[in-house]
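# Observations on the three-dimensional arrangement
One letter stands for each residue in the lines below.
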Amino acid sequence: MYLTLNAAFLVIASGLVGLCMGSFLNVLIHRLPQMLLASADPNKSAQDLGICWPASHCVHCLQPLRWHENIPLTSFVWLRGRCGHCAQPISWRYPLVELLSAIWLMSCATKWGLSATAMLNALAGLCLIALVFIDAEHMLLPDTLTQPLLWGGLLSSCSGWTTTHAEHAILGAVLGYILLAAPAAIYRWRTGVDGLGGGDAKLLAAIGAWQGVMAPPAVLMIAGLGSLFWMVCWRRQGLMTRTPYPFGPWLAGTCMAGWLWAA
Ligand SMILES: [Zn+2]
């Protein structure tokens, strides 16, 4: 009974931490692409915007949020999905990211308990959630996130902090990169245009680093089929165009589902 109560406390505490981490991810998802754009623009100062400044504010009226408007999930429900100042709608992404982060951390706590493995996998999953939404909104998988995810996975596996063996992690990272970088290079050579973003290959390499050599082909196949099905549905509704399409959410989403299923 004592252990069961401890486990329940751990899961609830993980959920609360997950809500707060999700709130931070929302800031990251909103600001990181803007910061990268600003750093690439010589007319803008990268100092104007950071992850921690300015304070949280409404994206429509720029009014700073009061403390009770900044409580994960609760504020969205309390404000009925609208800004307390200008009444403009708040994106559904905010509660969704907070909820997904809480579910992910609770799942990690349930699966791996209070351990280094749980914490590292929790961090990697949060990074994947950020990548899902940044790619979905901006068609961008920033090196700022994919590189630490890749090297963090290799370091964790090689140090024995995760359940993936070192050699599986290294081979997984190499295979993951080749599986997408090679067809992308061939497509670019044959057509002269980019068919796949470079970030997708780095993301699949990171997935291999965390989950081993079997993960990249499996994730790529399931994500590819899911993506194909989605595109067919779009075509049936007359929405299919040749506009670029984010593949990162499919890769990261499949990876996270498989992570909890298999590990
Ligand atoms: Zn507002």
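Our subject is the structure that appears above.
Residues numbered from 1 in each chain as written. Predicted model: local features only at pLDDT ≥ 70, side-chain atom pairs only at ≥ 80, totals over all residues.

### Observations regarding the overall build of the protein
Which entries qualify depends on this criterion: Secondary structure elements follow DSSP: runs of H or I no shorter than four residues count as helices, runs of E no shorter than two count as strands, and numbering proceeds from the N terminus. When we talk radius of gyration, it's over C-alpha atoms, and the globule rule is simply 2.2 Å times the number of residues to the 0.38. The burial criterion counts other C-beta atoms lying within 10 Å of a residue's C-beta, which is placed from the backbone; the residue is buried at 20 or more, exposed at 12 or fewer, and partly exposed between these limits. Contact criterion: two residues are in contact if their C-beta atoms, reconstructed from the backbone, are within 7 Å.
A count of helices and strands for the protein gives 9 helices and 0 strands. When the helices and strands of the protein are placed in sequence order, the string is α-α-α-α-α-α-α-α-α. Compactness check: the protein gives a C-alpha radius of gyration of 20 Å against a globular reference of 18 Å for 263 residues, within 12% of the reference. Counting only C-alpha atoms and orienting by the principal axes, one finds that the protein spans roughly 55 × 55 × 40 Å. Burial statistics for the protein: of 263 residues in total, 34% are counted as buried. Partitioning the contacts of the protein with sequence separation of at least 6, the portion at a separation of at least 24 is 67%.

### Remarks on helix H3 (residues 93-112)
Counted only if it meets this: Multiplying one less than the number of residues by 1.5 Å gives the expected span of a helix.
For H3, with 20 residues, the first-to-last C-alpha span of 28 Å sits near the 28 Å given by 1.5 Å per residue. Note on H3: the residue one or two positions beyond its end, Gly113, has a positive phi of about 65°.

### A few points about the environment of Ile134
Within the element layout of this structure, Ile134 appears in helix H4 (residues 116-138). What makes Ile134 buried here is the crowd of 26 C-beta atoms within 10 Å. Between the alpha carbons of Ile134 and Ala8 there is a distance of 33 Å; along the sequence they are 126 residues apart. Excluding residues within four positions of it along the chain, Ile134 makes contact with Ile29, Leu32, Pro33, Leu140 and Pro142.

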